[in-house]
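Read off the chains here:
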Amino acid sequence: MKNKRKTPTQEDDAEQQRVPDSVMEAARSASGGRSAPVVSGDAGEAPQRYFRVPFARPAGQSPDQPKGWWYAHFDGQWIGRQIDMLPGQKPILLVAGKDDMSMCELNLEETGLTRKKGAEILPRQFEDLWARHNGPSYERPANRI
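Calculation rules
Residues numbered from 1 in each chain as written. Predicted model: local features only at pLDDT ≥ 70, side-chain atom pairs only at ≥ 80, totals over all residues. Heavy atoms only, no water. Phe/Tyr/Trp six-rings, centres within 6.5 Å; stacked < 30°, edge-to-face > 60°. Helix = DSSP H or I, 4+ residues; strand = E, 2+ residues; numbered from the N terminus. Lys NZ or Arg CZ within 6 Å of the ring centre and 35° of its normal. Buried < 20%, exposed > 50% of the residue type's maximum accessible area, 1.4 Å probe, protein only. pLDDT = per-residue confidence, 0-100. Contact = heavy atoms within 4.5 Å. Core = buried A, V, L, I, M, F, W, Y, C linked by side-chain atoms within 4.5 Å. Arc of directions from axis to C-beta. Polar contact = N/O pair within 3.5 Å; in protein donor to acceptor, adjacent residues only side chain to side chain. Pairing = 2+ DSSP bridges.

A.B. asks: I keep staring at the packing of aromatic side chains and nothing clicks. Help me out?
C.D. replies: We describe a pair of aromatic rings using the distance from one ring centre to the other and the angle between the two ring planes. By the definition in use, this model includes 3 aromatic pairs. Ring centres 5.4 Å apart and planes at 45° place the aromatic pair Tyr50 and Phe126 in the tilted group. A residue pair is termed long-range when its members are at least 10 positions apart, and Tyr50 in strand β1 (residues 48-55) and Phe126 in helix α4 (residues 123-132) qualify at 76 residues. Ring centres of Phe51 and Phe74 lie 5.9 Å apart, and the angle between their planes is 80°; on these two criteria the pair is classed as edge-to-face. With Phe51 in strand β1 and Phe74 in strand β2 (residues 68-75), this pair connects stretches of sequence that are 23 residues apart. Through pairs of rings, three or more aromatic residues link up here, namely Tyr50, Phe126 and Trp130. Of note, Arg52 hangs over the ring of Trp69, and the distance from its end group to the ring centre comes to 4.0 Å.

Written out as structure tokens, the structure is:
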């Protein structure tokens, strides 16, 4: 028997969602004005920035249902690690270079996260959560073989 695939459903779209809707909306409505890039202390080393945003998935959840959290570690302009924490589910930990097809595909500027009040968190907050859920150690892209 053939496994026929019909048109994608709303459930399929929710399963494939890589980033919260609020981040995608910010990317779509980004104005022509660009924010200045963050400069790291060491020349040649990309700044490390960490963010937390409310995450509602799957689409169509009732407003009473608790929201999850989407955590992101940006290594320079690109995401290095991502954590999806949804109510009633085991946290999903993703690493760039391994889980790219499931991660946010926008660069930091496109996400609008740097302009979103209260979204940036301390590195320790992200690292504690990553370690608590047994996330693999992070290897910077320059150090990968």
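Text resumes after the structure shown.
A.B. asks: Explain unusual backbone geometry to me, please; I cannot follow it from the model alone.
C.D. replies: One can expect most non-glycine residues to show negative phi and most peptide bonds to be in trans. At Asn134, a residue that is not glycine, the phi angle is positive and equals roughly 60°. Structurally, Asn134 is set in the segment after α4. According to the relative accessible area criterion, Asn134 is exposed, its value standing at 69%.

A.B. asks: So what exactly am I meant to see when it comes to the confidence of the model for the chain here?
C.D. replies: The predicted structure's coordinates, where accompanied by low pLDDT, should not be read in detail. For the chain, the average pLDDT comes to 79, and 68% of its residues sit at 70 or higher. Under a pLDDT of 50 for its full length, residues 3-15 has, in the predicted model, 7 contacts with residues more than four places off or in other chains.

A.B. asks: In this structure, what is going on with the nonpolar core? I would like to understand it.
C.D. replies: Across soluble globular proteins, nonpolar side chains show a tendency to be buried alongside one another. Formed by 18 residues in total, the largest nonpolar core has its most connected members in Val23, Trp70, Phe74, Ile79 and Leu113. Listing elements by their share of this core, those giving two or more residues are β1 and β2. By size, the runner-up hydrophobic cluster in this structure holds 8 residues, among which are Val95, Phe126, Leu129 and Trp130.

A.B. asks: Whenever I open this one, α4 confuses me. Can you help?
C.D. replies: Three or four residues apart is the spacing at which side chains of an α-helix point the same way, because the helix has 3.6 residues per turn. Along α4, the residues classified as buried are Phe126, Leu129 and Trp130. End-on, the buried residues of α4 take up no more than an arc of 100°, which puts them together on one face. Exposed and oriented more than 90 degrees from the buried face of α4 are Arg124, Ala131 and Arg132. Elements that come into contact with the buried residues of α4 comprise β1, β2, β3 (78-85), β4 (92-95) and β5 (120-121). With its phi angle positive at about 60°, Asn134 sits one or two positions after the end of α4.

A.B. asks: Honestly, the side chain of His73 in this entry has me stumped. Any pointers?
C.D. replies: Note that His73 resides in strand β2. A polar contact is formed between the side chain of His73 and the side chain of Tyr50, at a distance of 3.5 Å. Apart from the residues within four sequence positions on either side, His73 is in contact with Gln48, Arg49, Tyr50, Trp78, Ile79, Gly80, Arg81, Phe126 and Tyr138.

A.B. asks: Sorry if this is basic, but what is going on with the pairing of β1 here?
C.D. replies: Successive residues of a regular strand alternate their side chains across the two faces of the sheet. Relative to β2, β1 runs antiparallel, the two sharing 8 bridges. Looking at β2, one finds that Arg49 is bridged to Phe74. Pairing between β1 and β5: 2 bridges, direction antiparallel. Counterpart to Tyr50 in the pairing with β5 is Ile121.

A.B. asks: Explanation requested: the pairing of β3 in the structure shown.
C.D. replies: The element β3 is extensively covered by neighbouring structure, given that 6 of its 8 residues are classed as buried. The sheet contact formed by β2 and β3 spans 7 bridges and is antiparallel. The partner of Trp69 across the bridge, within β3, is Met85. Linking β2 to β3, which pair antiparallel, is a turn of 2 residues; within it Gly76 sits at a positive phi near 75°. Bridging between β3 and β4 involves 4 bridges; their strand directions are antiparallel. Counted as the bridge partner of Ile83 is Leu93 from β4. In textbook terms, the turn of a hairpin is the stretch between consecutive antiparallel strands, and for β3 and β4 this stretch comprises 6 residues, one of which, Gly88, has a positive phi near 75°.

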